[in-house]
Amino acid sequence: MVSYCLFSGGQGQWQAFLDSACRFSLALFQRNPPSSASALISCTHSIRFIIKTSMWLDVLASVTLIRRPMLLRSLYDPSGTALIDGRPELSMMGVMGCETHNVIALAEIADLAWWKEDLGRTGSLSVPELVRRGQRIETILRSTNDNDYPHAADTEKSRRQRLTSDVFRASALVYLHSVISGDHPQCPEIMGNVAETVKCLRRAEDVSTTRHVVRGMVFNICVCGCLTDEPVYRDYFLQLLQEQQMETVGNCALVCDLMRRVWTSREGGMPVDWRVVMRDMLLV
């Protein structure tokens, strides 16, 4: 049902269906102690796919809803060690196409955004603590697993995965710095990582994997599009989404409209919370 909502443009009753899938995953973890890792290793391939997909969609939903991801703690074992890509049963590569630590970092950014908003409402937000937490997440994103994908003898699949991871990492940094510094496109860290995202996307243009990379990057393109005032970048993001919309069903046309609404709202010079604009949409 979540997939149906995605094919319908990322709207509808997707939240209720996704929350049910997350509760199913949490119940399975509780029945298979001591950790989510052991549960993922021991369950069937189909159940594992459902759980990993739920984890990924839970993270994306938490970004737009500004909530703590329901499955955040399931991404760690009881000692606090994060899941790693060392075993295929634990890797998010098959679901998302990029390293597990990048997915965990995005979940942590969503949690940080929720924490910031929650404390901000009560006037008890500590900016130094916000920055400290943000820097810890940035350290996760800056780590890479390039040794897992040797450049010399790349297969198309491994090249696609590395390109997807590069785009994901750069755009996640855009999101992170919007949480730390606010939704200000002129923030140097936001500007720099939007430019890096575009650079990574353009690297994909040189190979036959472009549409595969872009297909899984709608969320990332939307975040960067909403947080740039550069006309060249805006046009580039719109072009990517419009080309993708011609090939597949989904929410690309709605995302283009969403970005334009954010740009129009920002014409007065005030920051615009892009998450409020997209609150009822699941971006994948």
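Residues numbered from 1 in each chain as written. Predicted model: local features only at pLDDT ≥ 70, side-chain atom pairs only at ≥ 80, totals over all residues. Heavy atoms only, no water.

Chemist: Could you clarify how one ought to interpret the overall build of the chain in this entry?
Modeler: In terms of helices and strands, the chain carries 14 helices and zero strands. In the chain, the succession of helices and strands from N to C terminus is α-α-α-α-α-α-α-α-α-α-α-α-α-α. For the chain, with 284 residues in total, the buried portion stands at 51%. Contacts spanning at least 24 positions in sequence make up 70% of the contacts within the chain whose residues lie at least 6 apart. Total accessible area on the chain stands at roughly 12900 Å², and carbon and sulfur atoms take up 55% of it. (Helix = DSSP H or I, 4+ residues; strand = E, 2+ residues; numbered from the N terminus. Buried < 20%, exposed > 50% of the residue type's maximum accessible area, 1.4 Å probe, protein only. Contact = heavy atoms within 4.5 Å. Areas by Shrake-Rupley, 256 points an atom, 1.4 Å probe, with all protein chains shown as cover.)

Chemist: I would appreciate a short explanation of the layout of surface pockets in the present structure.
Modeler: Any space left empty among the atoms is revealed by the rolling of a water-sized probe across them. In this structure, the second largest pocket spans a volume of roughly 180 Å³. For the second largest pocket, the full set of lining residues is Ile-66, Ala-113, Lys-116, Glu-117, Ser-178, Val-179, Gly-182, Asp-183, Pro-271, Val-272, Asp-273 and Arg-275. Of the residues in the lining of the second largest pocket, the class split is five nonpolar, two polar and five charged. (1 Å grid on protein atoms, 1.4 Å probe; cavity = no way out; pocket = protein on both sides within 12 Å on 5 of 7 lines; lining within 4 Å. Points joined across faces, edges and corners; volume = space filled by probe spheres on them. Nonpolar A, V, L, I, M, F, W, Y, C, P; charged D, E, K, R; others polar.)

Chemist: Please explain the packing of helix α11 (residues 218-226) against helix α13 (residues 252-265) as it appears in this structure.
Modeler: The description of two packed helices rests on the angle between their axes and on the distance between the axes. The interhelical angle for the contact between α11 and α13, taken along N-to-C directions, is 15°, at an axis separation of 9 Å. Between α11 and α13, the angle is such that the two are roughly parallel. Our pair here, α11 against α13, has a crossing hand that is right-handed. Where α11 abuts α13, its residues Val-218, Ile-221, Cys-222, Gly-225 and Cys-226 lie against Cys-252, Val-255, Leu-258, Met-259, Val-262 and Trp-263. Residues belonging to the contact of α11 with α13 are distributed by class as follows: ten nonpolar, one polar and no charged. (Axes fitted to C-alpha atoms, helices over the stretch in contact; angles between N-to-C directions. Parallel < 35°, antiparallel > 145°, perpendicular 65-115°, else oblique. Left-handed = near helix turned anticlockwise from the far one by under 90°.)

Chemist: Would you take a moment to explain helix α4 (residues 45-65) for this structure?
Modeler: For an α-helix the count is 3.6 residues per turn, leaving residues at separations of three or four pointing the same way. Here α4 contains 21 residues, and its C-alpha end-to-end distance of 30 Å stays within 8% of the 30 Å for a straight helix at 1.5 Å per residue. In terms of burial, α4 is a largely internal element, 15 of the 21 residues being buried. Phi turns positive one or two residues past the end of α4, at Ile-66, with a value near 50°. (Expected span 1.5 Å × (residues − 1).)

Chemist: Can you walk me through the environment of Ala-113 in this structure?
Modeler: Of note, Ala-113 is situated in helix α6 (residues 100-122). Ala-113 has contacts with Ile-66, Tyr-175, Val-179 and Arg-275, leaving out every residue within four places of it along the chain.

Chemist: I keep staring at the packing of aromatic side chains and nothing clicks. Help me out?
Modeler: Aromatic ring pairs are described here by two measures, namely the spacing of the ring centres and the angle between the planes. As enumerated under the stated definition, the model contains four aromatic pairs in all. Here the aromatic rings of Trp-56 and Phe-168 are separated by 5.8 Å at their centres, their planes lie at 45°, and the arrangement is tilted. Highlighted residues: Trp-56 in helix α4 and Phe-168 in helix α8 (residues 156-181), separated in sequence by 112 residues. Just as Trp-56 is buried, Phe-168 falls in that class too. On the numbers, 6.5 Å between centres and 90° between planes, the contact of Tyr-175 with Phe-219 is edge-to-face. Highlighted residues: Tyr-175 in helix α8 and Phe-219 in helix α11, separated in sequence by 44 residues. Across the pair, exposure class does not vary: Tyr-175 and Phe-219 are buried alike. Cluster of aromatic residues (ring-pair linked, three or more members): Tyr-175, Phe-219 and Trp-274. Across from the ring centre of Trp-115, 4.3 Å away, lies the NZ or CZ of Arg-133, which sits over that ring. (Phe/Tyr/Trp six-rings, centres within 6.5 Å; stacked < 30°, edge-to-face > 60°. Lys NZ or Arg CZ within 6 Å of the ring centre and 35° of its normal.)

Bear in mind that shape data such as this cannot, by itself, settle questions of function.
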